[in-house]
Amino acid sequence: MLEEPQETGAGLSAVVIPLLKGVIYQDSEAQLWNTLLSLQARVRDYVGVLGLDLVVDESEGYAFLRSRDTEDDGLPRLVARRPLSFPVSLLLALLRKRLAEFDATGGDVKLVVTRDEVVELVRVFLPEAANEARHIDQIETHINRIVDLGFLRRLKPATSPGPPAYEVRRILKAFVDAQWLADFAERLAAYKNHIATPEEGPADDV
């Protein structure tokens, strides 16, 4: 009986484990990315048994696992859905729109935004606050949530003083898609109506 080469089996584990933990990026994990591409078919088969789909975007340079709809077959979800608050959902939408505009210019590959730029993006859609510093602190909390979700990457501070800067990770395009953007104006109208609601409930899921 032919046995699986030990090196190939180890390579499969070396790819699947990081995928179960999060996203693999080509620019920051080149060796792991190349291993993933060479074992892509086997990784798909392996995670398929777990009720997961492998999503690979070679043009954008990222890969991640997405849960299938397993409600009908009674299997638990390995990748849990996480409810997002209204401000976080809104900020994700605005960042996605900003990324689309950035791509349309054909400039640099990486979109970098400062905290102050993010504050200005979202300020007009949120209720005004009497305390400006507290208002910025609240928006920073939402930014930190998006960093935790993996859609923003906090950049190391430059030598000169200034507001924190973030890279908008391109995986955001996989979660806020073109159809979502096509309905953006309608969604913003709904968001503005939501401002009148005093309490924030869960919004979209990731």
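The preceding data block contains the structure.
Below or above, wherever it landed, is the structure these notes cover. (Residues numbered from 1 in each chain as written. Predicted model: local features only at pLDDT ≥ 70, side-chain atom pairs only at ≥ 80, totals over all residues. Heavy atoms only, no water.)

Now for the pairing of strand 7 (residues 165-168). Relative to strand 7, strand 5 (residues 111-114) runs antiparallel, the two sharing four bridges. Bridged to Val-112 within strand 7 is Glu-167. The sheet contact formed by strand 6 (residues 152-154) and strand 7 spans three bridges and is antiparallel. Looking at strand 7, one finds that Arg-153 is bridged to Glu-167. (Pairing = 2+ DSSP bridges. Helix = DSSP H or I, 4+ residues; strand = E, 2+ residues; numbered from the N terminus.)

Turning our eyes to something else, we now look at the packing of aromatic side chains. Inspection of the entire model under this criterion finds three aromatic pairs. Three or more aromatic residues joined by ring pairs form one cluster here, namely Tyr-62, Phe-64, Phe-151 and Phe-175. Over the aromatic face of Phe-175 sits the side chain of Arg-66, whose NZ or CZ is 5.4 Å from the ring centroid. Above the plane of the ring of Tyr-25 lies Arg-169, whose end atom (NZ or CZ) is 3.6 Å from the centre. (Phe/Tyr/Trp six-rings, centres within 6.5 Å; stacked < 30°, edge-to-face > 60°. Lys NZ or Arg CZ within 6 Å of the ring centre and 35° of its normal.)

Attention shifts here to the sheet that holds strand 2 (residues 52-57). Through backbone hydrogen bonds, the strands of a sheet pair up, either in parallel or in antiparallel fashion. One open sheet accounts for three strands, arranged 1-3-2; its pairing is antiparallel. Looking at the sheet topology across the chains shown, the edges are occupied by strand 1 (24-25) and strand 2. As paired strands, strand 1 and strand 3 (residues 62-67) are joined by two bridges and run antiparallel to one another. Residue pairing for strand 3: Ile-24 is matched across the bridge by Ala-63.

For an α-helix the count is 3.6 residues per turn, leaving residues at separations of three or four pointing the same way. Along helix 2 (residues 30-38), the residues classified as buried are Leu-32, Trp-33 and Leu-36. Looking straight down helix 2, one finds its buried side chains confined to an arc of 100°; they lie on one side. Structural note: helix 2 exposes Gln-31 and Ser-38 on the side pointing more than 90 degrees away from its buried face. (Buried < 20%, exposed > 50% of the residue type's maximum accessible area, 1.4 Å probe, protein only. Arc of directions from axis to C-beta.)

As a further point, take helix 5 (residues 115-123). Burial in helix 5 covers these residues: Arg-115, Val-118, Val-119 and Val-122. Within helix 5, the buried residues cover an arc of 105° as seen down the axis, which keeps them to one side. For helix 5, the secondary structure elements touched by its buried residues are helix 4 (86-105), strand 5, helix 6 (132-149) and strand 7. (Contact = heavy atoms within 4.5 Å.)

Side chains of Leu-20, Tyr-46, Val-49 and Leu-50 sit close together on the surface and give an oily, nonpolar patch of about 400 Å² of accessible area. Positionally, Leu-50 belongs in the loop between helix 3 (40-49) and strand 2. (Patch = residues over 30% accessible without salt bridge, like charges linked within 9 Å, V, L, I, M, F, W, Y side chains within 5 Å. Areas by Shrake-Rupley, 256 points an atom, 1.4 Å probe, with all protein chains shown as cover. Salt bridge = Lys/Arg side-chain N within 4 Å of Asp/Glu carboxyl O.)

Inspection of the secondary structure puts Glu-167 in strand 7. The exposure class assigned to Glu-167 is buried, which follows from its relative accessible area of 5%. For Glu-167, the side chain forms a polar contact with the side chain of Arg-153, separated by 2.8 Å. With sequence-adjacent residues up to four places away left out, Glu-167 is seen in contact with Asp-27, Lys-110, Leu-111, Val-112, Phe-151, Leu-152, Arg-153 and Leu-155. (Polar contact = N/O pair within 3.5 Å; in protein donor to acceptor, adjacent residues only side chain to side chain.)

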